[in-house]
Amino acid sequence: MLRIMALGLLLSVLAGCAATSPQSPAAHPSSLSAAARIGEAANGMTGPESLLATYRASDVQRALVSPARIREALLSEHERWVGTPYRLGGTTRRGIDCSALMQHVYSDAFQLSLPRTTDQQMQEGRRIARDALKAGDLVFFRSPGPYNHVGVYVGDGYFLHASTSQGVKLSRLDNVYWSRHYWQSRRPLESTQLAARLERSAHEG
């Protein structure tokens, strides 16, 4: 608990430095490039020796840039799957359904195994508020018909999913249709944990 509190304090100090320095204007949080620049700037920062001695630089950097790295990984998955047609029960590029897409995305990007069905995935992690969404969170919808729908939040109001009418694509969460049928969101793992899995996967690759 003390380790978590100390890391939170250190991140607050670093964030405050980035926000107040006239040479480092605050970047828009939704910008991938801005988030990456913040992470790079953090590499050159120094803080209280007692705190920096407790944590490796990689721990701090991962906490700062993890949302950007997660989004990049999800956009890479989008490039791999975009245009794949929707097929109920499908699990391949010939046709895939929403929950199978989530299985592939989380397994390939984060080395995280999700259960097969939407209802089972709805039990993963913890429930979060819509206004607290971060890249990597699951979003669920009560769509018309017998089946619920699931996608993964990418950031900037977009989520990746297998649309029944247009196949795998990015859609706006505030779209009239999706906003009307939005149900709940869940966070299978915290951003720093997902980023750590990305890092491990990169090293193993």
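(A) Structural detail: the sheet that holds strand β3 (residues 126–128). In spatial order, the strands read β3-β8-β4-β5-β6-β7; together these six strands make up an open sheet with antiparallel pairing. Each having just a single partner strand, β3 and β7 (167–172) make up the two edges of the open sheet. Across the sheet, the mean angle separating the axes of adjacent strands is 35 degrees when strand polarity is ignored. As paired strands, strand β5 (residues 149–155) and strand β6 (residues 158–163) are joined by three bridges and run antiparallel to one another. Counted as the bridge partner of Tyr153 is Phe159 from β6. Packing of helix α5 (residues 98–110) onto the sheet brings it into contact with β4 (138–141), β5, β6 and β7, and relative to β5 it is tilted by some 40 degrees.

(B) View of the pairing of β4. The alternating pattern of β4 places Leu138 and Phe140 on one face and Val139 and Phe141 on the opposite face, and all of these are buried. Inspection of the sheet shows β4 paired to strand β8 (residues 182–187) by four bridges, in the antiparallel sense. The residue bridging Val139 from the neighbouring strand is Ser185, located in β8.

(C) Structural detail: the nonpolar core. Of all hydrophobic cores here, the largest spans 28 residues; its most connected members are Leu74, Leu101, Met102, Tyr106 and Phe110. Those elements that provide at least two residues to this core are α4 (57–81), α5, β4, β5, β6 and α8 (191–204). In terms of residues, this core owes the most to one element, α5, which gives eight residues. The residues touching Met102, leaving out its near neighbours within four places in the chain, are Leu114, Gln121, Leu138, Val150, Gly151, Val152 and Leu160. Counting nine residues, the second-largest nonpolar core is a separate cluster that includes Leu133, Val139, Phe159 and Leu173.

Reading the values: rules and limits
- Residues numbered from 1 in each chain as written.
- Predicted model: local features only at pLDDT ≥ 70, side-chain atom pairs only at ≥ 80, totals over all residues.
- Heavy atoms only, no water.
- Pairing = 2+ DSSP bridges.
- Helix = DSSP H or I, 4+ residues; strand = E, 2+ residues; numbered from the N terminus.
- Axes fitted to C-alpha atoms, helices over the stretch in contact; angles between N-to-C directions.
- Contact = heavy atoms within 4.5 Å.
- Buried < 20%, exposed > 50% of the residue type's maximum accessible area, 1.4 Å probe, protein only.
- Core = buried A, V, L, I, M, F, W, Y, C linked by side-chain atoms within 4.5 Å.

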